[in-house]
Structure formats: C-alpha cells, structure tokens
Amino acid sequence: MDSKSIRKEITTLIDGIKEHSDNLTEVKHIPQLEWESILTNIKTLYEKSVIFNYLNALSLEHQSTDLTDRQATLEEKAKVNSADSSIEQPTQKQATMDLFSNELAPATKSIQKEEHPTVVNLQKRPITDLKSAIGINDKFQFINELFDGNMQEYNLALNQLNTMADLKEASYYLHSLKDMYKWKEENGSAQKFTELVERRFP
C-alpha cells in the first residue's frame, strides 16, 4: 500500500462525505441509518489519514536516517565523555592513605553510588524506541485492552509515535487514540502506555 493510492482514497472519502452532507442539508430529521453511514465514512477517513501520515513520515525518515544515526552517535559519545569527566579521580596521596585506612575515599564512594542506581531511576530512563522498550507481556496486554486485539493497529500506532518530533505532537496523537478506542482514564494499561510514550520524549 503506497501513499499515492491512500491519498486517492482520502480524496474520494472527503468528496463522498461532502456529497452525502449536501444531500441531507435540507432534511429536517436525518435517519439513523444515514447518520451511521456518515460516521463510518468519517472513521474510515481518519484511519486512512493516520496511515497516510505514517507513510509520509516514514519516507522522510528514510531520507534522514544517516543524519539521525550520526547525531545519535555523537550524543552518546558526549554523554559518555560528560559522565567520565564528572567522576573525580583520586590522587596518588589519597590512594596511599586508603591503603592504611578502613575508610573509602570520597571519590570511590561517588563511583560506587553511580554503579548502583535506584530502581526508580531505571524505570524513568528515556526510551529511544517504543517497540523494543515494551516487553512481550505488556505488548499483548496493550493489544488486547487498548487496540481491540488488533496487532496491526497497535504496530501502526507505535511506528507513528516513534517518528513524532516532540511530546506535544505525541500527546495530540495519543489523545486521538484514546477517543478512537474509548480508553478510560482509570485503565491501568492506558496509564502505563501513556507513561511509556512520555518517556519517549524526555
């Protein structure tokens, strides 16, 4: 399925909805069957638009993959260098004193703290790819509870969220998913999915 054919379908759906609406303009009471037909077409239009947007973003992503990879590598190196420079290196005098005392040098203590991060910090670590961050159990839970058991729609949503530029854009898309699949605020799976998306955009 290519973006050209989907764009053609979108145009056809828009024309059909407009024509249907024009035919019912003068009708005082719209029959339930007609109303359901319009709503079905609007839902289909929304779904096709999401797919078109995803395919369009995917083609742009392919063009900038090399640039993104290089930028990610540079950012990782910068983080590593920053972390290395923030650790104090003990002087020779400190190292000699440590040999004759039972206490750890302050520098050693700071290194030990960094080697044992808390569980909370691990859970809040930023996510670079939603697909790889979601475990198999959570995956099937999300598919069944949030996407009506449709794996294709789940994968499409994750691909779309992975290509988004910032949290504002992702939040808007997430809100449309909540409306579309009727997620409830107290739904634990919906809350967990939302938290993962927020970690994708720190």
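The residue count restarts for each chain, going from 1 along the sequence in the order it is written. The model is predicted, so local features are restricted to residues of pLDDT at least 70 and side-chain atom pairs to those at 80 or more, both for listing and for counting; the totals for chains, interfaces and linings are taken over all residues. Only heavy atoms go into the side-chain values, all of them from the structure, while hydrogens and water stay out.

**Notes on the packing of helix 10 (residues 167–181) against helix 11 (residues 188–200)**
(1) Moving on: The angle between two axes is taken between their N-to-C directions and runs from 0 to 180 degrees, where each axis is a line fitted to C-alpha atoms and a helix contributes only its stretch in contact. Only DSSP runs of H or I covering at least 4 residues are called helices, and only runs of E covering at least 2 are called strands; the numbering of each starts at the N terminus. Close contact between helix 10 and helix 11 brings their axes to 10 Å; oriented N to C, the two are set at 160 degrees. Accordingly, the angle class assigned to the pair helix 10 and helix 11 is roughly antiparallel. Here helix 10 and helix 11 pass one another in a crossing that is right-handed. Every residue of helix 11 that contacts helix 10 at Leu 167, Ala 170, Leu 174 and Lys 178 is listed here: Phe 193, Thr 194, Val 197 and Glu 198.
(2) Moving on: We call Asp, Glu, Lys and Arg charged. Ala, Val, Leu, Ile, Met, Phe, Trp, Tyr, Cys and Pro are nonpolar, and the rest, Gly among them, are polar. Looking at the contact of helix 10 with helix 11 residue by residue, the classes come out as 5 nonpolar, 1 polar and 2 charged. An angle below 35 degrees is read as roughly parallel, one above 145 as roughly antiparallel, one from 65 to 115 as roughly perpendicular, and any other as oblique. Each crossing gets its hand from how the near helix is turned against the far one by less than a right angle, where anticlockwise is left-handed and clockwise is right-handed. Two residues qualify as a contact provided that any one of their heavy atoms is within 4.5 Å of a heavy atom in the partner residue.

**So, the confidence of the model for the chain**
(1) Moving on: When pLDDT is averaged along the chain, the result is 76, and 66% of the positions lie at 70 or above.
(2) Moving on: Values of pLDDT, ranging from 0 to 100, describe the predictor's confidence in every residue of the model. Contacts from residues 95–116, a stretch scored under 50 in pLDDT, to residues over four places away or in other chains number 10 contacts.
(3) Moving on: A low-confidence stretch, residues 118–122 (pLDDT under 50), is modelled with 1 contact involving residues beyond four sequence positions or located in other chains.

**Let's talk about helix 11**
(1) Moving on: Between its first and last C-alpha atoms helix 11 spans 19 Å; for 13 residues at 1.5 Å apiece the expected length is 18 Å, and the two agree.
(2) Moving on: All of the buried residues along helix 11 are Ser 189, Ala 190, Phe 193, Thr 194, Leu 196, Val 197 and Arg 200. Each buried residue of helix 11 lies within a common arc of 160 degrees when the element is viewed along its axis, so the set occupies one face.
(3) Moving on: Where helix 11 is buried, its residues meet helix 7 (130–133), helix 8 (136–146), helix 9 (151–162) and helix 10.
(4) Moving on: Polar contacts, as counted here, are pairs of nitrogen or oxygen atoms within 3.5 Å of one another; within protein the pair requires one atom able to donate a hydrogen and one able to accept it, and residues that are adjacent in sequence qualify only if both atoms are side-chain atoms. Sitting at the amino-terminal end of helix 11 is Asn 187, which places a side-chain oxygen 2.8 Å from the backbone nitrogen of Ser 189. Multiplying one less than the number of residues by 1.5 Å gives the expected span of a helix. Accessibility here uses a 1.4 Å probe with only protein chains present; expressed as a share of the type maximum, an area under 20% marks a residue as buried, one over 50% as exposed, and anything in between as partly exposed. Regarding the arc, it is the one traced by the directions from the helix axis to the C-beta atoms.

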